[in-house]
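In case you want the letters, here they are:
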Amino acid sequence: AGTEIADGGKVDFWNNPLNIGSQPNIGAYGTGGVTKTKDMNLAAGRIAKTSFCNDGDTYLLNNLTDERVSSSLASEKKAENGEEWVEITFDEPVSLSCVWLTAASDPADFPLKYKIEILTDGKWKTAADSSGRKRPRGNETLIFNFREVAAQKLRITASALAERNGGYCFELAEISAFSIPMTID
């Protein structure tokens with residue numbers, strides 16, 4: 001899936017208006033704005049909710065969807081192993097059939113057991129889980145392709161956390177969501 005040029009150069013990739021003639025003649029600005037394609041990351045830039053962060057911690061919550069693996073979101077270490085979750089809400093239902101989970105640079109706090117849940121028609125449904133999956137290495141992305149579903153929300157629920165230094169923690173670097181099955185080249 002390549003990139004489409006649209007609107008005769010009236011808008012850029014982010015739908016910002018362009019002043020024709022003022023942009024450099026390179027990249028997307030050389031021939032016009034770039035439209036979003038259907039394989040874009042639907043989670044990008046969305047503020048996550050979690051079972052362990054205050055909703056006001058937008059800087060931390062944005063780490064999950066900033067498309068940079070150099071940042072991550074982690075729960076506080078706790079003495080007991082238990083369930084933790086992170087959730088992304090879409091403005092309107094989106095067609096979803098692929099989720100990428102990227103481990104932090106130190107993957108020790110990546111959950112041992114987890115599931116990917118989709119809220120569709122007001123009901124949570126499991127789209128994929130960790131069964132048969134290996135633990136990721138640092139900054140490694142795990143890809144989950146599944147049958148297309150109309151998603152109102154996306155949730156990653158960890159039911160077993162790894163123990164490290166006498167405590168349990170849940171950490172992810174990035175969540176990505178796509179409308180078509182994807183692979184990493």
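Quick note: structure is the one above.
Predicted model only: the values in this text are computed from it and were never measured. (Residues numbered from 1 in each chain as written. Predicted model: local features only at pLDDT ≥ 70, side-chain atom pairs only at ≥ 80, totals over all residues. Heavy atoms only, no water.)

Asker: What is the right way to read the packing of aromatic side chains from this model?
Answerer: Pairs of aromatic rings are described using the distance from one ring centre to the other and the angle between the two planes. Counting across every chain of the model gives 4 aromatic pairs. Ring geometry for Tyr 114 against Phe 144: centres 6.0 Å apart, planes inclined by 85°, an arrangement best described as edge-to-face. Here Tyr 114 is found in strand β6 (residues 113-120), whereas its partner Phe 144 is found in strand β8 (residues 141-160), with 30 residues between them in sequence. Across the pair, exposure class does not vary: Tyr 114 and Phe 144 are buried alike. Site record: aromatic cluster; members linked through ring pairs are Phe 110, Tyr 114 and Phe 144. The aromatic ring of Phe 144 is capped on one face by Arg 133, whose charged end is 3.9 Å from the ring centroid. Here the basic side chain of Arg 155 rests over the ring of Trp 124, its NZ or CZ set 4.5 Å away from the ring centre. (Phe/Tyr/Trp six-rings, centres within 6.5 Å; stacked < 30°, edge-to-face > 60°. Helix = DSSP H or I, 4+ residues; strand = E, 2+ residues; numbered from the N terminus. Buried < 20%, exposed > 50% of the residue type's maximum accessible area, 1.4 Å probe, protein only. Lys NZ or Arg CZ within 6 Å of the ring centre and 35° of its normal.)

Asker: Looking at this structure, how should I read the nonpolar core?
Answerer: A general feature of soluble globular proteins is that nonpolar side chains tend to end up buried together. Residues Leu 101, Leu 154, Ile 156 and Ile 175 are the most contacted members of the largest nonpolar core, which totals 33 residues. Secondary structure elements with two or more residues in this core: β5 (84-102), β6, β8 and β12 (174-178). Sequence-distant contacts of Ile 156, that is, excluding residues within four places in its chain, are made with Glu 84, Trp 85, Val 86, Val 99, Leu 101, Lys 115, Ile 116, Phe 170 and Ile 175. Cys 98, Ile 143, Phe 178 and Met 182 belong to the second-largest nonpolar core, a separate cluster that totals 5 residues. (Core = buried A, V, L, I, M, F, W, Y, C linked by side-chain atoms within 4.5 Å. Contact = heavy atoms within 4.5 Å.)

Asker: What exactly am I supposed to notice about the pairing of β12 here?
Answerer: Moving residue by residue along a regular strand, the side chains alternate between the two faces of the sheet. Most of β12 is tucked away, with 5 of its 5 residues classed as buried. Alternating residues of β12 divide into Glu 174, Ser 176 and Phe 178 and Ile 175 and Ala 177, and every residue in both groups is buried. Strand direction decides the pairing type here: β5 and β12, joined by 5 bridges, are antiparallel. Of the residues in β12, the one forming a bridge with Trp 100 is Ser 176. (Pairing = 2+ DSSP bridges.)

Everything listed is a geometric property; what it means functionally is a separate question.
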